[in-house]
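This is what each chain is made of:
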2 protein chains.
Amino acid sequence: MSVTLGDDSFRSAIGEVAAILEDYWEDLREERLPVTPDLRPGDVRAMLPDCVPVHGEPIGDVLADVRRVVMPGLVHWQHPSFLGYYPTQTSPASVVGELLASGLAVQHMMWSTGPAATELEEAVLDHLAVALGLPERFLSTGDGGGVLQDSASSAVLVAVVAALYRASDGRWREHGTEGRYRLYCTDQANSCVPKASRIAGLGEPTQITTLAGTCEMDPRALREQLAADRAAGVVPAIVVASVGTTGTCAIDPVAAIAAVCREFGAWLHVDAAYAGSAAICPENRWINEGVEYADSYAVNCHKWLLTGPPCDAMWVADRHSLTAAMDIRPPFLRNQASDSGNVTDFRDWQVPLMHPFRALKLWFVLRTHGVEGLRAHIREQLSHAALLAGLVRDAPGFELISHSLGLVCFRLAGDNARTEHLRTELDATHQILVTPTTVDGRYILRAALGSRLASQTSVRNAWALVREIAASIPDDRPALSETSPTTSVGAR
Amino acid sequence: MSVTLGDDSFRSAIGEVAAILEDYWEDLREERLPVTPDLRPGDVRAMLPDCVPVHGEPIGDVLADVRRVVMPGLVHWQHPSFLGYYPTQTSPASVVGELLASGLAVQHMMWSTGPAATELEEAVLDHLAVALGLPERFLSTGDGGGVLQDSASSAVLVAVVAALYRASDGRWREHGTEGRYRLYCTDQANSCVPKASRIAGLGEPTQITTLAGTCEMDPRALREQLAADRAAGVVPAIVVASVGTTGTCAIDPVAAIAAVCREFGAWLHVDAAYAGSAAICPENRWINEGVEYADSYAVNCHKWLLTGPPCDAMWVADRHSLTAAMDIRPPFLRNQASDSGNVTDFRDWQVPLMHPFRALKLWFVLRTHGVEGLRAHIREQLSHAALLAGLVRDAPGFELISHSLGLVCFRLAGDNARTEHLRTELDATHQILVTPTTVDGRYILRAALGSRLASQTSVRNAWALVREIAASIPDDRPALSETSPTTSVGAR
């Protein structure tokens, strides 16, 4: 075997990377790095080698290119002033667990190809469900159970597939969607929801209107739509509710939506990709009101639970609908354990056949932090958001649009162009990242607090930068209002 | 922030895991571990803690449980005598790259959220395409381009989605499949192909018969089926050809299939999940004859290219069909770079929104091994397969069914029960894993050679064990044949 990096030089290379990461996190914590790089398309590629070398190169050369080209060209998602989208985070414990999984290179598509990996994953998801206060019906000790998907997107798609199986009494497996089934959500649902509808062959979802003055689904409008569709011969297969929309972290009224779903036999999937992690703190459990009636539920542990991407925890109340929809049993996968029906084969819980050992990193995080450690993390981020919301509220010329969990939405008073201008100017500093959304025609900026490396000081510094940049933006109004009313979008 | 494993103790924990992995690989190389564990369902779970602890535990306690419960309960996919399914492998260079990616925790769903990660991925896939001798139309420098999916399953699904967009002139995005479109493959296609058809809302695929005495798709039968379907108002959307079927590593006649696809306007996806890596050696390039006419192509680098799972390299000839099918542009993802149309946003190349930094581990492998290092790896595995095939051929009582690249298929002479019995007895030793398939009603065993830790000696030892166990199986025939004819299934 001809390899340049042999098992013998492995440990020193690993040590070198560990040192790089320690320095990296320290640089981020101290804000010695920008948040985004100042690059044009093609700049990085021009600095990279242009082919696979004929002969292997020393790992040191590759690491040198990592420092020279790759790291300076990244957006630093863990930076304290990365406030864009929703956070994607990791932690030392997660990275240690991921290294172990990487070296073991096990793939437990079935129990028989990784019994310990399968049972650990089942256990970890049961334990996490209990820690989050999720309903008992999601536990694997009953008819339910959990699985780690890569993303909330995949979780939605899997839920759609299970819903189609159930709605069609299995006919869908052979005959497909036949133009008969439909998915429902609001225009505030994450883009992965219409994408899943499309991928599953349902076309565009039907949009349900939001309650006036909010970004929350209107259960009455849902009921009317489902009744009209059913009368027209359409089968309402699935409703996707959001616990924490991407735009403003609005919480759909899940209990009322669930009642409508029951009436029409529709599957209810709850997408709690971001907000779900907050339920580790008892005081935040209200976000999951009504989830006990959901058919499936998903939360991205890589967003707010200190576990590196990709790691989406998904639970179903009735595992049978899922596995019956997805199962495949070619001769080359037949084995005694699967045939017995006594084991979980994760191949039937997801799109891919292969199933990587993500449970290990999540287990490392849960055990080394403990419930109290994770609560402390969430509460710290919530305190950062509260601090920022207060700063926005007190700042002349700014409007606090909403403050829900770790997400603070704001804009400049006046027309949208001013806030768009502010965003462009903030981007140009490369020292902070906030990303926009639009609600009722208003262009607003979202600041999502979630970096484990952030502090009260970093939040104050970030806000000072926003104020400074805003001060340079021409005022298109006669006078800036000194009061900035908070509307209730997404707040509760 | 309350965490037990702080950044300060990170490096020592990483060092401990690196040592565990070094020992693990050495134990595997020396075959000091069984291949599969001797466990009943529930055994592992009973040894695990039963909840998330209230307070964080030392990482050492978690690692102790890993050694005590997790590692002894795994199937060791990297073991020299793991000959089941197709290999899933990693290498030291891949693990180093994955550690780095894990700590950086970047997700480049769009160029703007990770310019260097995006451009590195584009570059690596161009470089790999060239190294594999794939057609120029797959390069990102033209209309094509590559992306890393998690698995061949996801690649097929993505190809189906792009095919539906193209076949419907975009109508599918809004209206779904409407019961009009169809996917075609043989019964030898991997189970992920019918699964993708189902997930995409097409129902079961239409099976095309194989050429007599082979496991290869019959292009004439394909043509007849497509003509009949078109006449009946069905739209032939996509044909999936296999370069290396899972059962016997049969190679579909891609050029002839492509001609039929062109005639009917059907998308051609080539699933080269396992065999595709062999093309890194010029002498194996024949497997890709006709691929220059394919619309998409995928190979699992985690199978045979020393890159850890998940890592599937997928290329398309026309990126537009893919991105037009998949794109989503909610307000919260809008950015200047995407709007310019000058960058690649991988969110539009895959099911999930988030896109993890898998390119790093693949880049580490390609650079530290070089083309010649990877060729040496493939050639060594092929020599192991040739050795095993010769041993089977020379063994009285055994039939060599096929030998294609690294896969050797065999059975015991006589009825299926004898070979089924052999498999059960081999499983019970836990010292070797071979997995079955069925071809034309014959139950056969598959031995896929691919462990980087294997040697000529380990192959001879594995075969000696098979002979020894086989000798204990009652003979149901008057006399064992001394000659065992090789049939041409999948061989070429």
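Predicted model, so just to flag it, every value in this text is computed and none were measured. (Residues numbered from 1 in each chain as written. Chains lettered and ligands numbered in written order. Predicted model: local features only at pLDDT ≥ 70, side-chain atom pairs only at ≥ 80, totals over all residues. Heavy atoms only, no water.)

Next up on the list: the overall build of chain A. For chain A, the helix and strand inventory stands at 16 helices and 11 strands. Each principal axis of the C-alpha distribution contributes one length, and for chain A these read about 70 × 65 × 45 Å. For chain A, the proportion of its 492 residues judged to be buried stands at 68%. Considering only intrachain contacts with a sequence separation of at least 6, the fraction spanning at least 24 residues in chain A is 73%. Only carbon and sulfur atoms are counted for the fraction: they give 48% of the accessible area of chain A, which is about 14,900 Å². (Helix = DSSP H or I, 4+ residues; strand = E, 2+ residues; numbered from the N terminus. Buried < 20%, exposed > 50% of the residue type's maximum accessible area, 1.4 Å probe, protein only. Contact = heavy atoms within 4.5 Å. Areas by Shrake-Rupley, 256 points an atom, 1.4 Å probe, with all protein chains shown as cover.)

A complete count under the given rule lists 50 salt bridges over all chains for this structure. Here arginine 32 of chain A ties to aspartate 27 of chain A by a salt bridge, and the two come within 2.9 Å at their closest N and O atoms. By relative accessible area, which is 52% here, arginine 32 of chain A ends up exposed. Arginine 367 of chain A is paired through a salt bridge with glutamate 57 of chain B; the nearest N and O atoms lie 2.7 Å apart. Taken together, the positions of arginine 367 of chain A in helix 14 (residues 359-393) and glutamate 57 of chain B in the loop between helix 2 (43-47) and helix 3 (59-70) put the pair across two chains. Assessed through its relative accessible area of 22%, glutamate 57 of chain B is described here as partly exposed. Members of the salt-bridge network, linked through shared partners, are Glu57, Asp65 and Arg68 of chain A together with Arg367 of chain B. (Salt bridge = Lys/Arg side-chain N within 4 Å of Asp/Glu carboxyl O.)

Below, the discussion takes up the side chain of threonine 206 of chain A. All names here are of chain A. When you line up the elements, threonine 206 lands in strand 3 (residues 206-207). Under the relative-accessibility criterion, threonine 206 is labelled buried at 14%. Excluding residues that lie within four positions of it along the chain, threonine 206 makes contacts with Arg182, Leu183, Tyr184, Cys185, Gln225 and Asp229.

The next thing to look at is the interface of chain A and chain B. Listed as interface residues are 155 residues of chain A and, on the opposing side, 155 residues of chain B. Each partner contributes to the roughly 13,300 Å² buried at the junction of chain A and chain B, and carbon and sulfur atoms together form 66% of this total. Of all residues in chain A, Arg198, Phe332 and Arg367 of chain A give up the largest surface area on contact with chain B, accounting jointly for 7% of the area buried on that side. Connecting chain A to chain B are eight salt bridges. For arginine 367 of chain A, the salt bridge is made with aspartate 65 of chain B, and the minimal N-O distance between the two is 2.6 Å. If you look at where chain A meets chain B, you find 65 residue pairs in polar contact (both at pLDDT 80 or more). Here the side of chain A that touches chain B gets 16 residues from one element, more than from any other, and that element is helix 1 (residues 7-29) of chain A. (Buried area = accessible area lost by both parts, 1.4 Å probe. Polar contact = N/O pair within 3.5 Å; in protein donor to acceptor, adjacent residues only side chain to side chain.)

Of the two same-sequence chains, chain A is brought onto chain B (RMSD 0.0 Å, axial shift 0.0 Å) by a rotation of 180 degrees. Given the turn and translation reported, the copies of this chain are related as if by a two-fold rotation axis. Of the residues that chain A buries at the interface, 100% are likewise interface residues in chain B, meaning the two copies contact each other through the same surface. (Least-squares fit on C-alpha atoms with pLDDT ≥ 70 in both.)

Take the packing of helix 14 of chain A against helix 3 of chain B next. Axes are the key here: two packed helices are described by the angle between their axes and the distance separating the axes. Two elements in contact, helix 14 of chain A and helix 3 of chain B, have axes separated by 9 Å at closest approach and are oriented at 135 degrees. Taken together, the axis directions place helix 14 of chain A and helix 3 of chain B in an arrangement best described as oblique. Once helix 14 of chain A is placed against helix 3 of chain B, the crossing between them reads as right-handed. Contacts between helix 14 of chain A and helix 3 of chain B involve Trp363, Phe364, Arg367 and Thr368 of chain A on the former and, on the latter, Ile59, Asp61, Val62, Leu63, Asp65, Val66 and Val70 of chain B. Looking at the contact of helix 14 of chain A with helix 3 of chain B residue by residue, the classes come out as seven nonpolar, one polar and three charged. (Axes fitted to C-alpha atoms, helices over the stretch in contact; angles between N-to-C directions. Parallel < 35°, antiparallel > 145°, perpendicular 65-115°, else oblique. Left-handed = near helix turned anticlockwise from the far one by under 90°. Nonpolar A, V, L, I, M, F, W, Y, C, P; charged D, E, K, R; others polar.)

All names here are of chain A. Tracing the sequence through the fold places glutamine 350 in the loop between helix 13 (336-340) and helix 14. The class for glutamine 350 is buried, based on a relative accessible area of 2%. Polar contacts involving the side chain of glutamine 350 include one to the side chain of histidine 355, which spans 2.6 Å.

Our focus in this paragraph is helix 15 (residues 416-429) of chain A. Residue and element names in this part refer to chain A. Compared with the 20 Å implied by 1.5 Å per residue over 14 residues, the 20 Å span of helix 15 between its first and last C-alpha is a close match. When we look at burial in helix 15, the residues that qualify are Arg418, Thr419, Leu422, Arg423 and Leu426. Looking straight down helix 15, one finds its buried side chains confined to an arc of 140 degrees; they lie on one side. For helix 15, the secondary structure elements touched by its buried residues are strand 8 (398-404), strand 9 (407-412), strand 10 (435-439), strand 11 (442-448) and helix 16 (456-471). Histidine 430 sits one or two residues past helix 15 and shows a positive phi near 60 degrees. (Expected span 1.5 Å × (residues − 1). Arc of directions from axis to C-beta.)

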